[in-house]
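Breakdown of the fold
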Number of protein chains: 2
Amino acid sequence: MPGTLPTGGRPNIVQIVMDDLGCGDLGCTGSPLIATPRMDAAAAEGLLIEQAYSAAPTCTPSRAALLTGRYAQRVGLHRVVFPEETEGLSSFERTIADVLGDVGYRCAAFGKWHLGDGPEHNPLRHGFEEFFGLPYSNDMDPLYLVDGEDPVAGEVDQTLLTKQYTDRAMDFISRQGDAPFFVHLAHTFPHIPLHVEAPFRGVSEAGTYGDTVECVDHHIGRLLDHLDGLGLRESTLVVITSDNGPWFEGSTAGLRGRKIDCYEGGVRAPLIVRWPGIVPAGARSEDVVSLLDLPVTYAALTGATMPADRPIDGIDRTAVLLGAEAPPRPPLFFCSHWDLHAVRDGRWKLHLQRIGRDRRELPQLFDLSRDPQESYDVQTLFPDVMERLLALAADFDDEIRSQKDEAIARAQTRMSPAAVGRNSPVAK
Amino acid sequence: MPGTLPTGGRPNIVQIVMDDLGCGDLGCTGSPLIATPRMDAAAAEGLLIEQAYSAAPTCTPSRAALLTGRYAQRVGLHRVVFPEETEGLSSFERTIADVLGDVGYRCAAFGKWHLGDGPEHNPLRHGFEEFFGLPYSNDMDPLYLVDGEDPVAGEVDQTLLTKQYTDRAMDFISRQGDAPFFVHLAHTFPHIPLHVEAPFRGVSEAGTYGDTVECVDHHIGRLLDHLDGLGLRESTLVVITSDNGPWFEGSTAGLRGRKIDCYEGGVRAPLIVRWPGIVPAGARSEDVVSLLDLPVTYAALTGATMPADRPIDGIDRTAVLLGAEAPPRPPLFFCSHWDLHAVRDGRWKLHLQRIGRDRRELPQLFDLSRDPQESYDVQTLFPDVMERLLALAADFDDEIRSQKDEAIARAQTRMSPAAVGRNSPVAK
């Protein structure tokens with residue numbers, strides 16, 4: 001029954017994250033040009049969260065937060081990492097795979113990683129027992145696939161990545177028997193450069209970008225069918241989202257800004273939750289949910305325990321996912337590198353910085369409940385709100401900066417070759 | 001009767017241009033937070049053109065085009081001019097005031113000029129017999145008002161500018177008797193810094209930005225009432241628009257980009273046309289109109305003649321204004337400085353460049369008829385369109401660049417002090 005957790009049984013969790021997908025790019029989120037029947041059906045069978053946020057406006061920080069429940073600055077991954085850079089997810093961090101592993105989950109990651117390509121950053125060192133995917137974005141060089149900890153020889157055919165990731169995820173799921181599992185499936189598209197599997201070339205009215213999204217939709221459909229075919233339909237929580245707003249293409253649904261910006265268009269993400277029989281079908285929620293909240297919510301749903309020895313920024317949003325009454329989310333902070341750009345608290349969003357050198361007309365206070373496009377600064381109408389948010393921002397800024405040196409040092413520390421073992425990435 | 005021009009009589013023309021007003025900032029264009037009852041009423045009594053474009057995404061180029069019917073590059077005013085710079089509207093250019101003056105119109109300009117502050121750039125040297133306003137933007141220094149050709153001593157009280165400009169326009173209109181007149185009323189707001197006349201402080205739900213727009217709306221109402229009171233209601237064409245998209249605040253109505261960008265949000269303008277008895281009341285047009293077209297259309301309406309010895313980029317859009325069937329507008333080109341950023345032709349918009357250093361994913365072809373937010377590049381679906389627009393763009397680019405040296409030289413040429421006469425701006 002919707003609103004009730006299963007007694008005893010813990011759900012499998014499949015988390016599907018697209019790369020640079022806009023919040024307006026799905027049929028169920030208003031796209032007139034991209035056909036996403038399978039994701040639309042998942043939303044219709046479950047819940048569409050209309051005010052979901054990625055934790056950061058770029059790939060690495062967003063993913064660092066998504067997997068740890070902590071702001072990327074705390075993790076020391078405050079910016080996009082490139083090949084041959086030393087930064088990555090440190091051994092200090094506990095990912096949701098580590099956390100779920102403690103309560104018996106079998107965890108696997110497929111697709112884009114982008115949390116460092118050093119041996120110690122590999123998903124297998126972070127709670128996942130299987131990995132197949134790209135160590136970073138598909139526009140970075142050298143481009144190679146990794147299987148487990150081993151680089152895969154040969155050129156990458158990007159047109160096949162969506163299918164390959166999906167096949168590996170389906171295979172992993174097939175092999176789990178009665179063990180609960182967690183799959184982090186991070187698709188490479190619609191991040192540029194766009195590559196399209198043959199059957200999907202030219203199918204979308206939205207051009208090549210749309211083709212890649214329709215291809216991902218198809219393979220998400222295959223995965224959902226696979227779960228259903230294995231009898232896992234009711235026992236599996238499926239979450240579908242994106243890592244940040246769209247970049248050169250893609251729809252922000254009319255919201256201001258794009259990827260890299262902390263305006264709504266840069267950080268809003270589509271968020272679909274399917275868990276038939278538990279999550280009410282066809283529901284829509286206006287509650288604020290951050291992707292920071294997903295690991296904490298998964299832990300709550302499964303009886304796992306997030307680490308208690310460090311700040312965790314995500315909160316348990318089980319109530320939202322189950323369609324129940326939920327309290328307002330505590331303030332969310334949006335950073336670019338080490339600069340706090342924006343704070344959202346309830347209906348309010350305060351902008352302190354923006355991308356680009358022009359700092360005029362800052363700070364700005366927007367009332368998202370009446371002005372979702374962030375057009376009108378209302379600080380003169382709500383001076384008390386302004387004062388409160390400025391104080392919140394200052395406190396957060398102080399806190400994050402006080403952790404800066406330690407966080408960066410952790411993210412840059414490489415393990416000794418002996419400790420890492422035999423495998424190392426190609427062409428380094 | 002709508003659709004019929006008056007026999008014999010030529011309309012007075014009042015052209016009201018706001019500064020940096022967003023196309024979504026009026027009640028009649030969808031703003032839920034700014035109350036603009038007088039502009040809404042003008043739209044209800046006349047025509048709202050829903051696909052109107054400023055000729056450029058910044059102030060000086062947009063105004064250069066608006067007053068000459070020529071792309072700003074041809075005028076040599078391809079970028080915003082600042083105090084103490086030598087560029088300005090050259091004596092070679094023929095403004096719409098020059099053109100209308102030839103057929104007996106009395107012409108005056110009130111408000112922001114921003115086409116150079118040298119003596120030879122003064123509106124009185126360009127067909128206007130009266131001028132009262134700021135020589136450039138209200139964020140530039142030194143800030144002084146000019147009355148005719150003389151700087152006004154004393155500090156400028158920006159809170160009073162909207163009222164002062166309006167009062168001067170009303171006074172000018174009162175004094176014209178039976179002579180036809182053309183008024184170019186260029187309001188300073190909502191350009192930053194925002195200053196609000198006392199009665200309007202805090203009135204808008206959209207904050208200070210909204211206050212300035214509501215103040216402008218009030219004074220536009222006074223002007224319309226004044227016309228009506230003088231019995232000029234049916235004999236006066238009133239045009240209300242903006243010079244480019246909104247900047248740090250203001251609504252693009254969900255369109256991509258803002259001021260400076262050549263995406264739709266940077267160049268779309270609201271455009272209201274009121275001419276009771278001639279322009280059909282309550283009409284809305286989806287025909288494309290550029291502010292380049294206004295001078296040419298005014299000339300056509302009044303029997304005046306645009307100069308024939310130079311390229312004129314605007315076209316006669318009388319048919320659109322009269323609510324009649326109108327042919328599609330020939331291609332429109334959008335430049336930033338000397339770079340051609342975008343071309344619109346019918347439903348298509350091709351982007352060749354964008355603001356910022358990142359040139360990835362260019363060019364992009366958008367289908368505005370299905371994708372007004374410019375989210376999806378469809379060049380692979382419409383290769384023939386792509387080829388055609390690329391050719392159009394290349395031709396335009398070649399043409400404009402071939403005029404570059406001559407246009408710049410004209411805009412930079414200063415007249416000799418003797419030729420200019422006695423007055424010169426303050427603090428130069």
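Residues numbered from 1 in each chain as written. Chains lettered and ligands numbered in written order. Predicted model: local features only at pLDDT ≥ 70, side-chain atom pairs only at ≥ 80, totals over all residues. Heavy atoms only, no water.

In this complex, chain A contributes 38 residues to the contact, which on the side of chain B involves 38 residues. Of the roughly 3000 Å² buried between chain A and chain B, counting both surfaces, carbon and sulfur atoms make up 50%. When the area that chain A buries against chain B is broken down by residue, the three leading residues are Phe248, Arg370 and Tyr376 of chain A, summing to 25%. Taken together, the links from chain A to chain B amount to four salt bridges. Of the charged contacts, one joins Glu205 of chain B and Arg370 of chain A as a salt bridge, the two residues approaching to 2.2 Å between their closest N and O atoms. Inspection of the chain A/chain B interface yields 14 residue pairs in polar contact (both at pLDDT 80 or more). No other element matches the three residues that helix 6 (residues 207-229) of chain A contributes to the side of chain A that touches chain B. Among the residues forming the side of chain A that touches chain B, the class breakdown is 12 nonpolar, 13 polar and 13 charged. (Contact = heavy atoms within 4.5 Å. Buried area = accessible area lost by both parts, 1.4 Å probe. Salt bridge = Lys/Arg side-chain N within 4 Å of Asp/Glu carboxyl O. Polar contact = N/O pair within 3.5 Å; in protein donor to acceptor, adjacent residues only side chain to side chain. Helix = DSSP H or I, 4+ residues; strand = E, 2+ residues; numbered from the N terminus. Nonpolar A, V, L, I, M, F, W, Y, C, P; charged D, E, K, R; others polar.)

All names here are of chain B. A large share of strand 2 (residues 47-53) lies buried, amounting to six of its seven residues. As paired strands, strand 2 and strand 9 (residues 268-274) are joined by five bridges and run antiparallel to one another. Its bridge partner lying in strand 9, Ile49 is registered against Leu271. (Buried < 20%, exposed > 50% of the residue type's maximum accessible area, 1.4 Å probe, protein only. Pairing = 2+ DSSP bridges.)

In this section: the domain arrangement of chain A. All names here are of chain A. In terms of domains, chain A is made up of domain 1 (12-321) and domain 2 (332-412). Computed over C-alpha atoms only, the centres of domain 1 and domain 2 are separated by 26 Å. Between domain 1 and domain 2, the contact holds 34 residues from the first and 28 residues from the second. Taking both sides of the interface into account, the surface hidden between domain 1 and domain 2 amounts to around 2600 Å²; carbon and sulfur atoms contribute 56%. Applying the counting rule to domain 1 against domain 2 returns two salt bridges. Note that Lys349 is salt-bridged to Glu264, the shortest N-O span being 2.7 Å. Run the count over domain 1 and domain 2 and you get 17 residue pairs in polar contact (both at pLDDT 80 or more). Of all the secondary-structure elements, those providing two or more residues to the side of domain 1 that touches domain 2 are strand 2 (47-53), helix 3 (72-75), helix 7 (264-267) and strand 10 (283-290). (Domains from an automatic or database assignment.)

Both copies of the chain are placed relative to one another by a rotation about an axis and a shift along it. Expressed as a screw transformation, the operator carrying chain A onto chain B has a rotation angle of 180° and an axial translation of 0.0 Å, and the superposed copies differ by an RMSD of 0.0 Å. Both copies are brought into coincidence by an operation consistent with a two-fold rotation axis. The rotation axis passes nearest to the C-alpha of Gly254 of chain A in chain A, at a distance of 1.9 Å. Comparing interface residues between copies, 100% of those in chain A also sit at the interface in chain B, which points to an isologous, same-surface contact. (Least-squares fit on C-alpha atoms with pLDDT ≥ 70 in both.)

Turning next to the state of the cysteines. Residues and elements named next belong to chain B. Scanning the model with the defined rule gives zero disulfides over all chains in all. Cys28 forms no disulfide, and the closest cysteine sulfur to it belongs to Cys23, at a distance of 11 Å. Left unpaired, Cys335 is separated from the closest cysteine sulfur, that of Cys262, by 7.2 Å. In this structure Cys335 comes out as buried when scored by relative accessible area, which is 7%. (Disulfide = S-S within 2.5 Å.)

This part takes up the pattern of salt bridges. Counting across every chain of the model gives 74 salt bridges over all chains. One salt bridge connects Asp139 of chain B with Arg360 of chain A, and the closest N-O pair in it is separated by 3.5 Å. In this pair, Asp139 of chain B is assigned in the loop between strand 4 (130-133) and strand 5 (146-147) and Arg360 of chain A in the loop between strand 13 (348-351) and strand 14 (364-367), connecting two distinct chains. The class of Asp139 of chain B is partly exposed, set by a relative accessible area of 32%. The residue Arg310 of chain B makes a salt bridge to Asp309 of chain B at a minimum N-O spacing of 2.8 Å. Judged by relative accessible area, Asp309 of chain B falls into the exposed class, the value being 56%. One salt-bridge network, in which partners are shared between bridges, spans Glu45, Asp228, Arg233, Glu234 and Arg274 of chain A.

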